Amino acid sequence: MHGAFTDASSWAGVISLLHAAGSTVRAPANPLRGLSHDAAYIKNVVCDIDVPVVLVGHGYGGAVITHAATDADNVVALCYVAAFGLDAGECILDITSRFPPMPVADATFTAGFPAHLPGGPDSELYISEERFPQVYAADLPPHVKSVMSVAQRPIAHSALTSRSGPPAWASKPSWYAIATADRMLSPTAQRFMAQRMAATEYVLDGSHAVALSQPDAVVAMIREAAEQGTGRGDGDELRQPF
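Residues numbered from 1 in each chain as written. Predicted model: local features only at pLDDT ≥ 70, side-chain atom pairs only at ≥ 80, totals over all residues. Heavy atoms only, no water.

Chemist: How would you explain the sheet that holds strand β1 (residues 53–58) if you had to name every residue and give the values?
Modeler: Across the sheet, which stays open at both edges, the four strands sit in the order β1-β2-β6-β7 with parallel pairing between neighbours. Each end of this open sheet is capped by a strand with a single partner; those strands are β1 and β7 (200–204). Mean inter-strand twist for the sheet, computed between neighbouring axes without regard to direction, equals 15 degrees. Relative to strand β6 (residues 174–179), strand β2 (residues 75–81) is paired through four bridges, and the arrangement is parallel. Each bridged residue has a counterpart across the sheet, and for C79 the counterpart in β6 is W175. Along the sheet, helix α3 (residues 60–68) makes contact with β1 and β2, crossing β1 at roughly 145 degrees. (Pairing = 2+ DSSP bridges. Helix = DSSP H or I, 4+ residues; strand = E, 2+ residues; numbered from the N terminus. Axes fitted to C-alpha atoms, helices over the stretch in contact; angles between N-to-C directions. Contact = heavy atoms within 4.5 Å.)

Chemist: Kindly report on the packing of aromatic side chains, identifying the contributing residues and their values.
Modeler: Tallying each qualifying case throughout the model produces four aromatic pairs. Ring plane angle 10 degrees and centroid distance 5.9 Å describe the contact between Y80 and Y176, whose orientation is recorded as stacked. Note that Y80 is positioned in strand β2 and Y176 in strand β6, a separation of 96 residues in sequence. Overall, the relative accessible area of 0% leaves Y80 in the buried class. (Phe/Tyr/Trp six-rings, centres within 6.5 Å; stacked < 30°, edge-to-face > 60°. Buried < 20%, exposed > 50% of the residue type's maximum accessible area, 1.4 Å probe, protein only.)

Chemist: Describe the sheet that holds strand β4 (residues 123–127), listing the residues and the values that go with them.
Modeler: Taken in spatial order, the three strands make up an open sheet running β3-β4-β5, and their pairing is antiparallel. Single-partner strands in this sheet number two, and they are β3 (108–112) and β5 (155–156). Inspection of the sheet shows β3 paired to β4 by five bridges, in the antiparallel sense. By the bridge assignment, G112 is partnered in β4 with S123.

Chemist: An account of helix α2 (residues 35–47) is needed here, citing residue identities and associated values.
Modeler: Taking 1.5 Å per residue as the helical rise, α2 with its 13 residues ought to reach 18 Å, and the 18 Å between its terminal C-alpha atoms agrees with that figure. The set of residues buried in α2 consists of L35, D38, A39, I42, V45 and V46. In a view along the axis of α2, the buried residues occupy a sector of 120 degrees, so they form one face of it. The inward-facing, buried residues of α2 abut β1, α3 and β2. (Expected span 1.5 Å × (residues − 1). Arc of directions from axis to C-beta.)

Chemist: I'd like a description of the pairing of β6, backed by residues and values.
Modeler: Regular strands place their side chains on alternate faces of the sheet. In terms of residue burial, β6 counts as a mostly covered element, since six of its six residues are buried. Pairing geometry for β6 and β7, over five bridges, is parallel. Bridge pairing in β7 places A179 opposite L204. In this fold, β6 hands off to helix α7 (residues 187–196), which returns the chain to β7; that crossover is right-handed. (Right-handed = clockwise from strand over helix to strand, strands pointing away.)

Chemist: Could you give an account of the pattern of salt bridges, with specific residues and numbers?
Modeler: A complete count under the given rule lists five salt bridges for this structure. Salt-bridge contacts for R163 lead to D94; the nearest nitrogen and oxygen are separated by 2.4 Å. Note that R163 is positioned in the loop between β5 and β6 and D94 in helix α4 (residues 92–96), a separation of 69 residues in sequence. Residue R163 is classed as partly exposed on the basis of its relative accessible area of 46%. Look at the salt bridges and you will find they share partners, linking E90, R98 and R196 into a network. (Salt bridge = Lys/Arg side-chain N within 4 Å of Asp/Glu carboxyl O.)

Chemist: Now, about the pairing of β1: what can you tell me, with residues and values included?
Modeler: Most of β1 is tucked away: six of the six residues are buried. Covered by surrounding structure in β1 are V53, L55 and G57 together with V54, V56 and H58, the residues of both alternating faces. Here β1 pairs with β2 via six bridges, running parallel. From the neighbouring strand, H58 faces β2, where its bridge partner is V81. Running through α3, the crossover from β1 to the neighbouring parallel element β2 is right-handed.

Chemist: How would you summarise the side chain of S207 if you had to cite specific residues and measurements?
Modeler: Positionally, S207 belongs in the loop between β7 and α8 (210–213). For S207, a relative accessible area of 3% corresponds to the buried category. Polar contacts involving the side chain of S207 include one to the side chain of D139, which spans 2.5 Å. At 3.1 Å, the side chain of S207 and the backbone nitrogen of A209 are in polar contact. (Polar contact = N/O pair within 3.5 Å; in protein donor to acceptor, adjacent residues only side chain to side chain.)

Shown next as structure tokens:
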């Protein structure tokens, strides 16, 4: 499950490697409209899958899988990639305000929602095109960073204050890839959340876009979660929605 400011194409390298390993993958779009809305959408996707599932979330996508998988019996493991693993009653801003500000703090701006929809968001958050390469994807090639900066998907501002329900990580085994060069989500915050959920940690020297810059390491974590989550020696028949 991709996070804010990007789309499912951010998993392209990971998906290619998982396909090569024989794994079945689904990469649904994260609506980015609000935690309850997004989690309900992903939960419906998961419920339509009739085999064991490893849910993988990046950034804000981690908050979505945390909220969505609590009562999903077919989810056997959770993987967080530089992601928010919220506790019950927490919101994104509770975590970001607990740690020193990151460079992204002064690189974002709020824009009014282009068309008002009943019950929809009234504003969205973007990263400035000029700052995006440095704060989001410093370890990617220049041409990739420039494309991502103009193709970013905004997140509804209200998603940052939406409160999580009971966390799925409290009852399901979890893995966490900590991106030590992340300028979006503090690596210290990542470590805090990983330790709080007693996750198996993968420490990667990468930016917030670590799934794109180090897909091999992320895939190694996902396959380990798949093998241990099912008690099998392989993850070939496991679906891994992002």
